[in-house]
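The primary structure of each chain is shown beneath.
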Amino acid sequence: MDAIRKKMKSLKDETDGLYAIINKFEEETNEANKRCDQADCDIRDFGKKVHNFEIAFEDTLDKVNKANEGFEEKDKLHREEESNISALTRRIMLMEEEAKKAETTLANTVTKLAMSSKEADEALKKVKVVESKCMNNEVSLEELDKNQRLTSK
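For every chain, the first residue of its written sequence is number 1, and the numbers climb from 1 along that sequence. For this predicted model, a pLDDT threshold of at least 70 governs which residues receive local features, and a threshold of 80 or more governs which side-chain atom pairs are given and counted, while totals over whole chains, interfaces and linings are taken from all residues. Each side-chain value is derived from all of the structure's non-hydrogen atoms; neither hydrogens nor water enter the calculation.

A. Quick peek at the overall build of the protein chain. Each helix corresponds to a stretch of at least 4 residues labelled H or I by DSSP, and each strand to a stretch of at least 2 residues labelled E; elements are numbered beginning at the N terminus. A tally of regular secondary structure across the protein chain gives one helix and zero strands. Judged by the C-alpha coordinates and their principal axes, the protein chain covers about 215 × 25 × 15 Å. Each residue's exposure class comes from its accessible area (1.4 Å probe, protein chains only) as a fraction of the maximum for that residue type: buried when under 20%, exposed when over 50%, partly exposed otherwise. Counting over 153 residues, the protein chain shows a buried share of 0%. Note on areas: Shrake-Rupley, 1.4 Å probe, and residue coverage restricted to the protein chains presented here. Total accessible area on the protein chain is roughly 14600 Å²; 59% of this is exposed by carbon and sulfur atoms. Note on charges: Lys and Arg go in the positive column, Asp and Glu in the negative column, and His and the chain ends are not counted at all. In this description, the location of a charge corresponds to atom NZ of lysine, CZ of arginine, CG of aspartate or CD of glutamate. Averaged over its 29 positive side-chain charges, the protein chain has a centre that lies 5 Å from the centre of its 35 negative ones.

Here you go:
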């Protein structure tokens with residue numbers, strides 16, 4: 001019977017050892033499950049963060065595209081305005097050249113007008129001199145005519 005007790009005791013010890021191993025593995029399994037659950041929560045949280053980052057990235061990308069379109073429009077308008085400015089600059093240069101030519105022509109015309117005015121003044125002086133001589137001659141003629149009438153009477 002001692003042998004049976006020993007055998008029973010050894011079986012009990014063996015069973016207790018196996019239960020201890022089972023408990024140890026169950027604890028490790030529970031800890032592993034907790035870590036797995038925590039990892040799943042972390043994965044879900046990171047997935048949400050990644051999703052939020054993707055949404056923010058798409059919004060930012062849309063804003064960048066809109067800004068780029070606006071920039072392209074403004075750049076096109078800027079180029080058009082630069083070409084308008086260039087055309088206006090060329091037009092101004094042509095008008096300045098025309099103005100210089102007109103000023104030169106005006107100066108020549110004014111000079112000719114002054115010369116003509118001077119000549120006209122000289123002609124008027126000559127006319128006045130001639131008119132004065134004519135008046136003097138008429139006065140002389142009238143006096144002579146009076147004298148002749150007086151002498152003929």
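Picking up after the structure, the text goes on.
B. Region of interest: the pattern of salt bridges. Criterion for a salt bridge: a side-chain nitrogen of Lys or Arg within 4 Å of a carboxyl oxygen of Asp or Glu. For the structure on display, the rule yields two salt bridges. Between Arg-79 and Asp-75 there is a salt bridge, and its shortest N-O distance comes to 2.8 Å. Of this pair, Arg-79 and Asp-75 both sit in helix H1 (residues 2–152), four residues apart, which is roughly one turn of the helix. Arg-79 gets classed as partly exposed once you look at its relative accessible area, which sits at 48%. Residues Arg-149 and Asp-145 are paired through a salt bridge, measuring 3.1 Å at the closest nitrogen-oxygen approach. Placement of both Arg-149 and Asp-145 in helix H1 is noted, with a separation of four residues, approximately one turn of the helix. With relative accessibility at 35%, the residue Asp-145 sits in the partly exposed group.

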